[in-house]
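Structural description and commentary
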Amino acid sequence: MSQIKYKSTRGGQADISSSYAIVQGIAQDGGLFVPQEIPKLDCPLEDLKDMSYQELAYQIMKNYLSDFTEEELKDCINKAYDKKFDDKKIAPLVKHDDVYFLELFHGPTLAFKDMALSILPHLLKTAAKKLNIEKEIVILTATSGDTGKAALEGFADVEGTKIIVFFPQDGVSEIQKRQMTTQVGDNTYVIGIEGNFDDAQNGVKQIFGDEAFNQYLSENNYMFSSANSINIGRLVPQIVYYFYAYFQMVQAGEIALGDQVNIVVPTGNFGNILAAYYARQMGLPVAKLICASNDNKVLYDFFNTGKYDKNREFILTISPSMDILISSNLERLLYHIADEDANKTKELMEKLKTQGHYEITPEMKDKLKIFHGGFATQAETCRRIKELFDKTAYLIDTHTAVAYSVYKDYLEKTGDTTKTIIASTASPYKFTTSVMKAIDSQYEGYSDFELIEKMSQLIKRETPKAIKDIDKRPVRHTTVCKKDEMKAVVEKILIK
Ligand SMILES: *Cc1c(COP(=O)(O)O)cnc(C)c1O
């Protein structure tokens, strides 16, 4: 098989191997790594349709990680998708209200981030070994809640790595916070910051960009890498489950092989839906990709007008993992719809940086026709959670509910009868307060922890292991720092 190479969306680097792209994380020119050509499936869909998740993962990922040996890649896959997931299918598809929910939350932290972050540490370690890197890899992450915990869980006690997570002390849910501060593993560090998510993110970016500091750490045998969704090692594993969902529909007799489906994705950083786009480009029969936003509807505006504008109020919502005004992975889509013109992508990204907005050309906009952008307000989101629950007794979380809401609106408007998959990105147990209040006002006034028990009673299910007794686990991480102290904290952890 020919080796697939990566290049930067801004043109500064090319002919990079997948191992190198994973270790480096982000390109030197600030761009993101993309495959020089999106690979096509190298076999008919028919050959893949009865595979287990692990088998399918190999067949899809080998097209992108072609410098990994079969043994290396299979070893990473088997270490990632094992009993950590509480469902043998890893990502089961369930049908309710004539919609197909792809449940991506059966991993150790109850959010879809586990799908990629349970394998990334193994990919990174294997890649570093292949490249003869002997330095200890330090994963530095800012989180608005879900990424941090999933990265901690993935990297905990992985030899040759340390992971440091910064989260906004007052900007995550009680359950998210407790999930992080009780994290085990000798190589894990969790720090609350007095500031919001943007402060945490900016602090981390500054540390990444501080050459003198990086040099100093390098002399002490450390190198930084990133677990954020800009890393190609997170994007590639996410392509797998869209194929897997499709084949589950074929197996259940809901569609025939070759029929088209729609896919709806609740979107923040544009990573998950970009993976669906890659799946389509590889040959998955997809009609529409529906991008669902919450009140922070930059992407809705973008798909409807061709203008991206981050100059607006940042709204804290009940779907916090989608509260984002700069969707990093959109840069990869821009590059593809600009006919892989790195100069054009660079120009748009520079405009975004200096002016906070940009507009794409009519030719580019023309290529966005397979996308539909929608958004749901918080009130609509709550109403749809209740509506679906009353109708089917199926309970969805606030992020999935944004997607469901956008889909219902789309259906009313278009009458499109194409069968549709919704990416279900979190368990309702992760957002108990918002979900339970949406169902009934009698649940107001309880803590997140008290509502875990009540949710189990409501849906007559056992509480997932990942969250059971979480309020009784010992808190291991108590450090809090100011936003301008982040670098000093990192130095203290690493150098002592
Ligand atoms: C991260 C996240 C999203 C958004 O995914 P992107 O890949 O950033 O678009 C949606 N829902 C949940 C629950 C998440 O954790």
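Going by the structure above, here's the rest.
So, here's what we can say about the structure. All residue numbers refer to positions counted from 1 along the written sequence of the respective chain. Where local features are concerned, this predicted model is filtered to residues with pLDDT of at least 70; where side-chain atom pairs are given and counted, the filter is 80 or more; whole-chain, interface and lining totals use all residues. The basis for the side-chain values is all heavy atoms of the structure; hydrogens and waters are excluded.

With that out of the way, let us pick up the overall build of the chain. Scanning the chain from N- to C-terminus turns up 20 helices and 15 strands. For the chain, the C-alpha radius of gyration of 21 Å lies close to 23 Å, the compact-globule estimate for 496 residues. Dimensions of the chain, computed from C-alpha atoms along their principal axes, come out at roughly 60 × 50 × 45 Å. Summary of the burial criterion: residues with accessible area below 20% of their type's maximum are buried, those above 50% are exposed, and those between are partly exposed, where the area comes from a 1.4 Å probe applied to protein chains only. A total of 496 residues make up the chain; the buried ones form 60% of that total. Any two residues whose heavy atoms approach within 4.5 Å are treated as being in contact. Intrachain contacts of the chain at a sequence separation of at least 6 include 74% that bridge at least 24 residues. For the accessible areas, the method is Shrake-Rupley and the probe is 1.4 Å, while residue cover comes only from the protein chains on display. Approximately 20100 Å² of the chain is accessible, and the part contributed by carbon and sulfur atoms is 46%. We treat Lys and Arg as the positive residues and Asp and Glu as the negative residues; His and chain ends play no part in the count. Think of each charge as sitting on NZ of Lys, CZ of Arg, CG of Asp or CD of Glu. Across the chain, the 60 positively charged side chains and the 69 negatively charged ones have centroids separated by 1 Å. We count a stretch as a helix when DSSP gives it H or I for four or more residues in a row; a strand needs E for two or more, and each element gets its number in order from the N terminus. The globule rule is 2.2 Å times the number of residues to the power 0.38, and the radius of gyration it is compared with is taken over C-alpha atoms.

Along its 14 residues, helix α14 (residues 342-355) runs 20 Å from first to last C-alpha, staying within 8% of the 20 Å computed at 1.5 Å per residue. For α14, the full list of buried residues reads Ala342, Lys344, Thr345, Leu348, Met349 and Leu352. Summarising the axial view, the buried residues of α14 lie within an arc of 165 degrees, below the 170-degree limit, and thus occupy one face. For α14, the exposed residues lying more than 90 degrees away from the buried face are Asn343 and Thr354. Summarising the contacts, the buried residues of α14 are in contact with β1 (6-8), β11 (307-309), α13 (330-337), β12 (357-359) and α15 (362-366). N-cap assignment for α14: the residue whose side-chain oxygen lies 3.0 Å from the backbone N of Asn343 is Asp341. In the segment just after α14, Gly356 is the residue with positive phi, at about 85 degrees. One fewer than the residue count of a helix, multiplied by 1.5 Å, yields its expected span. Each C-beta atom gives one direction from the helix axis, and the arc is the one those directions make. What qualifies as a polar contact is a pair of N or O atoms within 3.5 Å, subject to a donor-acceptor requirement within protein and to the restriction that residues adjacent in sequence count only when both atoms come from side chains.

All right, on to the packing of aromatic side chains then. Here a Phe, Tyr or Trp ring, Trp counted by its six-membered ring, pairs with any other such ring whose centre lies within 6.5 Å, and the pair is stacked when the planes are under 30 degrees apart, edge-to-face when over 60, and tilted otherwise. Summed over the entire model, instances satisfying the criterion amount to 23 aromatic pairs. Between the aromatic rings of Tyr81 and Phe85, the centroid separation amounts to 5.8 Å while the plane-to-plane angle is 55 degrees, which identifies the pairing as tilted. Take Tyr81 and Phe85: they sit in the same class, and that class is buried. A connected cluster of aromatic rings, assembled from ring pairs, spans Tyr64, Phe270, Tyr277, Tyr278, Phe302, Phe303, Tyr308, Tyr358 and Phe371. Should the NZ of a Lys or the CZ of an Arg lie within 6 Å of a ring centre and within 35 degrees of the ring normal, that charge is described as sitting over the ring. The residue whose ring lies beneath Lys74 is Tyr58, and the NZ or CZ to ring-centre distance is 4.7 Å. When the ring centre of Phe68 is taken as reference, the NZ or CZ atom of Lys130 above it lies at 5.8 Å.

This part is about the pattern of salt bridges. Think of a salt bridge as a Lys or Arg side-chain nitrogen and an Asp or Glu carboxyl oxygen that are within 4 Å of each other. Within this structure, the stated rule accounts for 26 salt bridges. Where Lys162 meets Glu136, a salt bridge forms, and the shortest distance between an N and an O atom there is 3.3 Å. A residue pair is termed long-range when its members are at least 10 positions apart, and Lys162 in strand β6 (residues 161-168) and Glu136 in strand β5 (residues 136-142) qualify at 26 residues. The exposure class assigned to Glu136 is partly exposed, which follows from its relative accessible area of 23%. The partner of Glu387 in a salt bridge is Arg384, with the nearest N and O atoms 3.1 Å apart. Of the two residues, Glu387 and Arg384 both sit in helix α16 (residues 378-392), 3 residues apart, roughly one turn of that helix. Taking relative accessible area as the criterion, Glu387 reaches 26% and is therefore assigned partly exposed. By sharing partners, the salt bridges in this structure join Arg383, Arg384, Glu387 and Asp409 into a single network.

Once that is clear, we can look at a negative patch on the surface. Each patch is built from residues that are more than 30% exposed by relative accessible area and take part in no salt bridge. Like charges join if they lie within 9 Å; nonpolar side chains (Val, Leu, Ile, Met, Phe, Trp, Tyr) join within 5 Å. On the surface, a cluster of negative charge is contributed by Asp170, Glu194, Asp484 and Glu485. One can find Glu485 in the loop between β15 (480-482) and α20 (486-495). The class for Glu485 is partly exposed, based on a relative accessible area of 34%.

What follows deals with the packing of helix α3 (residues 70-80) against helix α5 (residues 120-130). At their nearest, the axes of α3 and α5 sit 9 Å apart, and the two run at 150 degrees to each other. In terms of orientation, α3 lies roughly antiparallel with respect to α5. The element α3 and its partner α5 pack so that their crossing is right-handed. Of α5, the residues touching α3 (which contributes Glu72, Leu73, Cys76, Lys79 and Ala80) are His122, Leu123, Thr126 and Lys130. The residue makeup of the contact of α3 with α5, split by class, is 4 nonpolar, 2 polar and 3 charged. Inter-axis angles, ranging from 0 to 180 degrees, are taken between N-to-C directions of lines fitted to C-alpha atoms, where helices are fitted over the stretch in contact. Any angle from 65 to 115 degrees is called roughly perpendicular, while one under 35 is roughly parallel, one over 145 is roughly antiparallel, and all others are oblique. With the far helix as reference, a near helix turned anticlockwise by less than a right angle produces a left-handed crossing, and one turned clockwise produces a right-handed crossing. Here the term charged refers only to Asp, Glu, Lys and Arg, the term nonpolar to Ala, Val, Leu, Ile, Met, Phe, Trp, Tyr, Cys and Pro, and the term polar to all other amino acids, Gly among them.

Counting buried positions along strand β13 (residues 371-375) gives 4 out of 5 residues, so the element sits mostly inside the fold. At least two bridges found by DSSP between two strands are what make those strands a pair. Where strand β10 (residues 286-293) meets β13, 5 bridges bridge the pair, whose relative direction is parallel. Of the residues in β13, the one forming a bridge with Leu289 is Phe371.

In spatial order, the strands read β8-β5-β6-β7-β15; together these 5 strands make up an open sheet with parallel pairing. Two strands bound the open sheet, and with one partner strand each, they are β8 (222-225) and β15. Pairwise comparison of adjacent strand axes, ignoring direction, gives a mean angle of 30 degrees for this sheet. Inspection of the sheet shows β6 paired to strand β7 (residues 188-194) by 6 bridges, in the parallel sense. If you follow Phe166 over to β7, its bridge partner there is Ile191. Running over the sheet, α20 touches β5, β6, β7, β8 and β15 and is turned about 150 degrees from β6.

This next bit is on the environment of Ile422. Relative to the helices and strands, Ile422 resides in strand β14 (residues 420-424). Of the residues examined, Ile422 reaches a relative accessible area of 0% and is grouped as buried. For Ile422 and Gly374, which are 48 residues apart along the polypeptide, the C-alpha to C-alpha distance reads 14 Å. Not counting chain neighbours up to four residues away, the residues in contact with Ile422 comprise Val99, Tyr100, Phe101, Leu102, Val264, Thr400, Ala403, Tyr404 and Tyr407.

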